[in-house]
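Structural overview for review
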Amino acid sequence: MILAILLMLSGVGAPVAEAAPQEPEAAPQEPEAAPQEPEAAAQEPAEDPPVPRFLDVTVAAGVGELNGDRVACGDYDGDGDPDLLINGGRLLRNDSNRLSIRLVDVTAEVGLPGNTGGAAWCDLNRDGLLDLFANNGQAWLQDREHRFYHSADLSVSLPDGAAAAIGLADFDGDGWIDLYTGGGESAEGLGRQTLWRNHKGRSMKNRSADLGEEVRRYGRAVICCDYDADGDPDVYSGNYRLQPNGFLRNQEGELHWVDNGSAGLHDETMFTHEIAGIEQQYGYHYGHTIAAAWADLDNDGWFDLWVSNLVHKFVGEVSEDFAKKIGTKYDLRGYYCDDSNLFLNNGPPHFDFRDARSELGIPLRPIGDSDVYAGDELWSSAVLADFNNDGRLD
């Protein structure tokens, strides 16, 4: 992913006119009576607000040659503006001002390794400074000089070497940031998801056994949120490779697996298709989840859940070359992939979810051969914001 920065201008940086020299004040005069306007006089229509425009300042900002596919923002130096971390180990300090954006590479200066595969900001030792925890299990603590050093005590040995995604939150309510890892995949298969408790900033204890049976998933989205408003963070794991997404509900500091309607759809009887004169039934086997995000999408006060899936939609015969790649001349993948989901939180007493994507106007792409196929749903991110300032999240 090539990073690009767009600067939105709406009167920003416009020259300020100098004040004209003032005349000496005249002696005060008796105020004249202002003419009375008719009560029903029409008011002048309000002027439309200025339309913002975007300028590409990628090169000017100093990142024209920079590549990366994982980014994380955090004000590591406490100067009031967000700095940018690329691929978990390359740090760009924000030296911007009101008129320009400028990012300076300080990776070597602050002692970071350059690439850890991804990392998240957090305060692991409660000293008031942002530290880093990387997807490969490494902990990087920040000192008072805004330099980072590797902490062997707070680093962990992940069972598969690295996780595709991690979640950081105080799960047990002791005031220290804990860790949940989403697993990965390798030649040996799907990785193991793990839970680690932060022991007062001195070490991380593996508490995966507390989750019950071993969970093997390729969790590419691990997001934490107190979705039931009981005062402790819960965990959602969005999993790739047609695996059910997982939900861990936090009850008094203990995480428990729950089935609350957010796993995705599994129904092998959704479609009937005939091949070579033989009818068979097919259906969704969960999805390929890549990203997820919490937000109150219906403004009812409860956190809802958006899930972005990679969804194949084609069903039909394929070329000889592509048949060699997928191992069959008839592509049926469009029957197996669950669509991206918009799960609304039903609130108390059960705090379960229902998929309201279609009813809220986000259309589904058609499944079929070249006569109906309109492309796959290749969604791999989830960004929620009120883009048009109407009080509702988009």
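Data block above holds the structure.
The sections below set out a description of the structure shown in this document. (Residues numbered from 1 in each chain as written. Predicted model: local features only at pLDDT ≥ 70, side-chain atom pairs only at ≥ 80, totals over all residues. Heavy atoms only, no water.)

1. Re the overall build of the protein
Quick note on the threshold: For the purposes of this entry, the term helix denotes a DSSP run of H or I that reaches at least four residues, the term strand denotes a run of E that reaches at least two, and both are numbered from the N terminus. Only heavy atoms matter for contacts: two residues are in contact if any of them lie within 4.5 Å across the pair.
Looking only at helices and strands, the protein has 2 helices and 29 strands in total. Put simply, 49% of the contacts in the protein that link residues at least 6 apart link residues at least 24 apart.

2. With respect to the packing of aromatic side chains
As a reminder, the rule being used: To pair, rings of Phe, Tyr and Trp, with the six-membered ring standing in for Trp, must have centres within 6.5 Å; the planes then decide the type, stacked if under 30 degrees apart, edge-to-face if over 60, and tilted in the middle. Three labels apply to residues, based on accessible area from a 1.4 Å probe with only protein chains included: buried if under 20% of the type maximum, exposed if over 50%, partly exposed otherwise in between. Geometrically, a lysine NZ or arginine CZ counts as sitting over a ring once it is within 6 Å of the ring centre and also within 35 degrees of the ring normal.
Per the stated rule, a full pass over the model turns up 19 aromatic pairs. Here the aromatic rings of Tyr76 and Phe148 are separated by 6.1 Å at their centres, their planes lie at 40°, and the arrangement is tilted. With Tyr76 in the loop between strand E3 (71-74) and strand E4 (83-86) and Phe148 in strand E10 (residues 148-151), this residue pair connects regions lying 72 residues apart in the sequence. Here the two residues Tyr76 and Phe148 agree in accessibility, since each one is buried. Aromatic side chains Trp306 and Trp379 sit 5.9 Å apart centroid to centroid with 35° between the ring planes, which places their arrangement in the tilted category. One end of the pair, Trp306, is in strand E24 (residues 304-311); the other, Trp379, is in the segment after strand E29 (377-378), and 73 residues separate them in sequence. An aromatic cluster is built from Tyr227, Tyr236, Phe247, Trp294, Trp302, Phe343, Phe351 and Phe353, whose rings are joined through pairwise contacts. Across from the ring centre of Trp176, 4.4 Å away, lies the NZ or CZ of Arg126, which sits over that ring. Lying over the aromatic face of Tyr240, Arg220 brings its terminal NZ or CZ to 4.7 Å of the ring centre.

3. A few points about the sheet that holds E3
What links the strands of a sheet is backbone hydrogen bonding, and the strands pair in either a parallel or an antiparallel sense. The line we're drawing: Strand pairing is defined by DSSP finding a minimum of two bridges between the two strands. Here an axis means a line fitted to C-alpha atoms, over the contact stretch when the element is a helix, while the angle between two N-to-C directions is reported on a 0 to 180 degree scale.
Read from one edge to the other, the open sheet built from 4 strands follows the order E3-E4-E5-E6, with strand pairing classed as antiparallel. The open sheet has two free edges, formed respectively by E3 and strand E6 (103-105), since each of these has just one partner strand. Adjacent strand axes in the sheet meet at a mean angle of 25°, parallel and antiparallel pairs treated alike. Relative to E6, strand E5 (residues 90-94) runs antiparallel, the two being bridged by 3 bridges. Looking at the pairing, Leu92 lines up with Asp105 of E6.

4. Overview of the sheet that holds strand E19 (residues 246-251)
The strand order across the open sheet formed by 4 strands is E17-E18-E19-E20, and the pairing between neighbours is antiparallel. Looking at the sheet topology across the chains shown, the edges are occupied by strand E17 (218-225) and strand E20 (254-257). Each neighbouring strand pair of the sheet contributes to a mean axis angle of 25°, computed without reference to strand direction. Relative to E19, strand E18 (residues 234-240) is paired through 3 bridges, and the arrangement is antiparallel. Directly across from Tyr236, in E19, lies its bridge partner Phe247.

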